[in-house]
Structure formats: structure tokens, C-alpha cells
Amino acid sequence: MPFCVIINMAQFQPISGLAYEIHQELDAPATPTTGSIFYWLESNVGKLNNKISTFYCYESGDYYPQLGDDEKGILKAIYYGFYYKNKARTALMSTSNNNILSLRDDQSSVTFVQPKQVARAYSDLAKESDVEADNLANLWKHNRSGPRDTRQSWTGHWQ
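This text gives an overview of the structure that appears in the document. The model shown is predicted, which means the values in this text are computed figures rather than measured ones.

**Concerning the nonpolar core**
Within the largest apolar cluster, 27 residues are counted, with the highest numbers of intra-cluster contacts made by Ile-22, Leu-41, Tyr-63, Leu-75 and Tyr-79. Those elements that provide at least two residues to this core are helix H2 (14–25), helix H3 (34–43), helix H4 (45–52), helix H5 (69–93) and helix H6 (115–143). In terms of residues, this core owes the most to one element, H5, which gives eight residues. In this view, Leu-41 contacts Ile-15, Leu-18, Ala-19, Ile-22, Tyr-63 and Leu-75; residues no more than four positions away in its chain are not counted.

See the structure below:
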């Protein structure tokens, strides 16, 4: 039953619901928490605006105007790029080799994963997320393009 309550909360508070959704898609890690993801989403409305040329703003716990599913997908892809870049940076700065890749019994040797390899894997994930964000933004712009009536008032979005 608690799962239903969370879904309802996501409907009433879309940004906190989006933060929860991102946290769950990352397999609920200890870091980042849902709160830190929420604060990132709150603070980086400009990244979304720059990506899709809109005028979203953050007011009273939510974006105004409210985000649609397409905008949420773009924002998630932008967050994943940020997340994986931080993971790559952390892995690269890690000096401890506590990731065992293989053990050999005959010679009693141990092979560890190099932090550079882990950082490269995270960096590749970050690049994939950035490409996905760009592709989603281009699709968003394409789907909303078309003839515009100059007599309509400017609302921040093309009608």
C-alpha cells in the first residue's frame, strides 16, 4: 500500500515524484538521496530552458508551467549525464584498488580493476546520456515546430 501513496504524491508534486523516479531508476543508492536529486532539479531549470529554448521557472515547489512527459524525459537525461560525470570523476580520483577483477589460485595472484577503467565506463555512460538529452531535445523542438500566429500572445511556449 505505501507504493500507491508514493504514486499519488508524484501526481501532486511532479518534481518530487520525478526525483523519486530518478532515485529508483538508479537502484535507490545511498548517495544521491531523493532530496539531493530534488534540489538538483530545482536548481537546474536553466539547463532545461537552454536545451529546449523555453522559459520554465521554479515556483512554490514545482516548475511553472508544469512539465510534460517529454520535458521530464529531457530533464532526466540531463541529470543522468551530470550523475555519471560525477561518478567518473570520483572513480578517477579514487586511489584505493579494492575492486577485485580476478583471483588466481596457482600463483596466488590477485587482479584489480583500475580506477581509470571504471572512470572510462562512467564517462561513456555520461556521453550516452548527453547524446540522449540532445536527441530528445531535438525531437521536442521538431514536434513543436510549425507555422506560428504572430497575433497570439507570448506565453513562453510555441502554441
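The structure having been displayed, the exposition proceeds.
**Some details on the environment of Ser-36**
Along the polypeptide, Ser-36 turns up in helix H3. Each C-alpha atom of the pair Ser-36 and Ala-19 lies 8.5 Å from the other, and the pair is 17 residues apart in sequence. Among the polar contacts listed, one links the side chain of Ser-36 to the backbone oxygen of Thr-33, at a separation of 2.9 Å.

**Quick look at the pattern of salt bridges**
Close approach of charged atoms lets side chains of opposite charge pair. The full count for this structure, using the stated rule, is five salt bridges. Taking the shortest distance from any N to any O, the salt bridge between Asp-70 and Arg-144 comes out at 3.1 Å. Here Asp-70, found in helix H5, pairs with Arg-144, found in the segment after H6; they are 74 residues apart in sequence, far enough to count as distant.

**Digging into the packing of aromatic side chains**
Two descriptors summarise a pair of aromatic rings, namely the distance from one centre to the other and the angle between the planes of the rings. Evaluation of the coordinates by the stated rule reveals eleven aromatic pairs. With a centroid separation of 5.7 Å and an interplanar angle of 75°, the aromatic rings of Phe-38 and Tyr-39 are classed as edge-to-face. According to the relative accessible area criterion, Phe-38 is buried, its value standing at 17%. Consider the rings of Tyr-84 and Tyr-122, whose centres lie 6.3 Å apart with planes at 20°: the pair is stacked. Residue Tyr-84 is found in helix H5, and its partner Tyr-122 is found in helix H6; the two are separated by 38 residues along the sequence. Tyr-84 gets classed as buried once you look at its relative accessible area, which sits at 18%. Through a chain of ring-to-ring contacts, three or more aromatic side chains come together here, namely Trp-40, Tyr-79, Tyr-80, Phe-82, Tyr-83, Tyr-84 and Tyr-122.

**Some words on H2**
Its twelve residues give H2 an end-to-end C-alpha distance of 16 Å, which sits within 8% of 16 Å, the value for a rise of 1.5 Å per residue. Here H2 has its buried residues at Pro-14, Ile-15, Ser-16, Gly-17, Leu-18, Ala-19, Ile-22 and His-23. Looking one or two residues beyond H2, the residue adopting positive phi is Asp-27, at roughly 65°.

**Regarding the packing of H4 against H5**
The N-to-C vectors of H4 and H5 enclose an angle of 115°; their axes lie 10 Å apart at closest approach. Between H4 and H5, the interaxial angle falls into the category roughly perpendicular. Seen from above, H4 lies across H5 with right-handed handedness. In this structure, H4 uses Lys-47, Leu-48, Lys-51 and Ile-52 to contact H5, whose residues at the interface are Glu-71, Ile-74, Leu-75 and Ile-78.

So, how was this worked out
Residues numbered from 1 in each chain as written. Predicted model: local features only at pLDDT ≥ 70, side-chain atom pairs only at ≥ 80, totals over all residues. Heavy atoms only, no water. Core = buried A, V, L, I, M, F, W, Y, C linked by side-chain atoms within 4.5 Å. Buried < 20%, exposed > 50% of the residue type's maximum accessible area, 1.4 Å probe, protein only. Helix = DSSP H or I, 4+ residues; strand = E, 2+ residues; numbered from the N terminus. Contact = heavy atoms within 4.5 Å. Polar contact = N/O pair within 3.5 Å; in protein donor to acceptor, adjacent residues only side chain to side chain. Salt bridge = Lys/Arg side-chain N within 4 Å of Asp/Glu carboxyl O. Phe/Tyr/Trp six-rings, centres within 6.5 Å; stacked < 30°, edge-to-face > 60°. Expected span 1.5 Å × (residues − 1). Axes fitted to C-alpha atoms, helices over the stretch in contact; angles between N-to-C directions. Parallel < 35°, antiparallel > 145°, perpendicular 65-115°, else oblique. Left-handed = near helix turned anticlockwise from the far one by under 90°.

Worth remembering: the numbers are spatial, not functional.
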